[in-house]
Each structure stands twice: as structure tokens, then as C-alpha cells.
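# Fold and contact review
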Amino acid sequence: MQTANEGGGRVHLTPGDLAARLGVSGSTFRRISTDYEAVFEALPRDAQRRRLWPLEAAERVMLAHEAVREGQADSTRAALELVRAGRELVTPLDPPALSAEGGRAKLDELSAQIRQQGEGITTLLQALDERDSEIAGALRALGEAQQAQAQALRELREEVRARPAPAPPSASPPNWWERVLKRVLGNR
């Protein structure tokens, strides 16, 4: 969407329109806008303080974005600095097309590599599935052993609870003490 400035002839792009033309998200476009203003000048704003993109600025940003996509610059800011310096950002020529036979052979080779890698991945996944089954079996056995131990402990606890409580120590002397007294004192 293009908007005309209230004064008449000057045309601007909205941030949403330019972001859509570049094919980037809002947050990415805000970063691009910040880069543009750092390299060139502050962009004009509308009454809601949103940036307005003059056609010249929009063309610079589109050229810089394309340069980054084509690998001619590492970042949008670096590409914008190249534009400011007057460097020509030329789109590289397409590599020569492969002949039909050469292209077919290359595709067959790549297809064979992909198939081989797929088989290797399938083998690894099967080995992982087997290992997972072994681990699951070991964990099941461990769980069953823990349940058996817990059951044995519950039974032992119930057995201990069922026993009569021992007599308090002061209620009656222990048997060994009685035997000692009988020997020392005799059978009096």
C-alpha cells in the first residue's frame, strides 16, 4: 500500500507493505529499519510515529536485502553501507545449466546418496528401537522387583505390629539376672 503525503506529490510505502515485499516478519523489518536509520538518515514519521518509507529509501532497503540473500553482504547494515558508499550490488549470473544428460547423471548420483543415507538412518533407528525395548524391559523388571520389595516390607511391618508389645524393663528382672542371684545367694 502506498500513501501520498498530505502535501501532495511525495509517495511513501508503509512498513507493512515494505516488509511484505521483502518477505520478512515485523520484528526482522524493525531491525532492518533501525539499520537503515543508522546508516542513512531518520525516516519521516506519520502522526502515530510510524515510519514512512520514501521510494528511494525503500529501493535502498530492497537492494540491500537482496544483496544479503545473494551472499554479497553479511548483514543488511553492511549492504546498506555498501549502497551508501555507491558500490554497485550486482546480482551474480546464474551458473551455466547442466546438460540434460549431465544433469540426469548428477540427479541419479544425489538420489543414490540420499537413498544410502536413508538406509543408514533406518538402520540406526531400528538399533535405537531395539535398545529402547531392552531399556524398557530392564525398567519393567526393576519396577517389579521394587514392588516385590515394597510388598515384603509391608508384610514385615504387619508381622511386627501383630506381635505383643514387650514388657517394660522395670516390670520383671531378666532371666539371666535371676540366675546370677540364685548362684550368688544360693537357693535360700
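Preceding this paragraph is the structure being described.
First, a word on what this report is: a plain description of the structure on this page. Worth saying up front: this structure is predicted, and the values here are computed from it rather than measured.

## A short note on the overall build of the protein chain
When helices and strands are counted, the protein chain shows six helices and three strands. The order of α-helices and β-strands along the protein chain, N terminus first, is β-β-α-α-β-α-α-α-α. Taking all 188 residues of the protein chain together, the buried fraction comes to 19%. Pairs at least 24 residues apart make up 39% of the contacts formed inside the protein chain by residues separated by at least 6 positions. Carbon together with sulfur atoms contributes 55% to the accessible area of the protein chain, which is approximately 14700 Å² in total.

## Digging into the packing of aromatic side chains
The tally for this structure, following the rule as stated, stands at three aromatic pairs. For the ring pair F29 and W53, a centre distance of 5.4 Å and an interplane angle of 55° mean the geometry is tilted. Here W53 lies in strand 3 (residues 53-54) and F29 lies in helix 2 (residues 26-39), a separation of 24 residues in the sequence. The two residues F29 and W53 agree in class, both being buried. A network of ring pairs unites the aromatic residues F29, Y36, F40 and W53 as a single cluster. Over the ring of F40 we find R60, and its NZ or CZ is 4.1 Å from the ring centre.

## Here we look at the side chain of S33
Residue placement: S33 occurs in helix 2. Ignoring anything within four residues of it in the chain, the contact list for S33 reads R51 and W53.

## Things to note about the nonpolar core
L18, L22, F29, Y36, W53, V61 and L80 are the most contacted members of the largest nonpolar core, which has 21 residues in total. Of all the elements in the fold, those that place two or more residues in this core are helix 1 (15-22), helix 2, helix 3 (55-69) and helix 4 (76-84). At five residues, the largest contribution of residues to this core is made by helix 3. Ignoring anything within four residues of it in the chain, the contact list for W53 reads V11, H12, L13, T14, P15, L18, F29, S33, Y36, L43, A58 and V61.

## Overview of the pattern of salt bridges
Tallied over the full model, the rule gives 11 salt bridges. D17 serves as the salt-bridge partner of R21, at 3.5 Å between the closest nitrogen and oxygen. Taken as a pair, R21 and D17 lie in helix 1 at a separation of four residues, close to a single helical turn. Residue R31 is joined to D35 by a salt bridge in which the shortest nitrogen-to-oxygen separation is 3.3 Å. Pair noted here: R31 and D35 are both in helix 2, with a separation of four residues, about one helical turn. Taking the relative accessible area as the measure of exposure, R31 reaches 42% and is therefore partly exposed. The network of salt bridges with common partners includes R31, D35 and R77.

The rules behind the values
- Residues numbered from 1 in each chain as written.
- Predicted model: local features only at pLDDT ≥ 70, side-chain atom pairs only at ≥ 80, totals over all residues.
- Heavy atoms only, no water.
- Helix = DSSP H or I, 4+ residues; strand = E, 2+ residues; numbered from the N terminus.
- Buried < 20%, exposed > 50% of the residue type's maximum accessible area, 1.4 Å probe, protein only.
- Contact = heavy atoms within 4.5 Å.
- Areas by Shrake-Rupley, 256 points an atom, 1.4 Å probe, with all protein chains shown as cover.
- Phe/Tyr/Trp six-rings, centres within 6.5 Å; stacked < 30°, edge-to-face > 60°.
- Lys NZ or Arg CZ within 6 Å of the ring centre and 35° of its normal.
- Core = buried A, V, L, I, M, F, W, Y, C linked by side-chain atoms within 4.5 Å.
- Salt bridge = Lys/Arg side-chain N within 4 Å of Asp/Glu carboxyl O.

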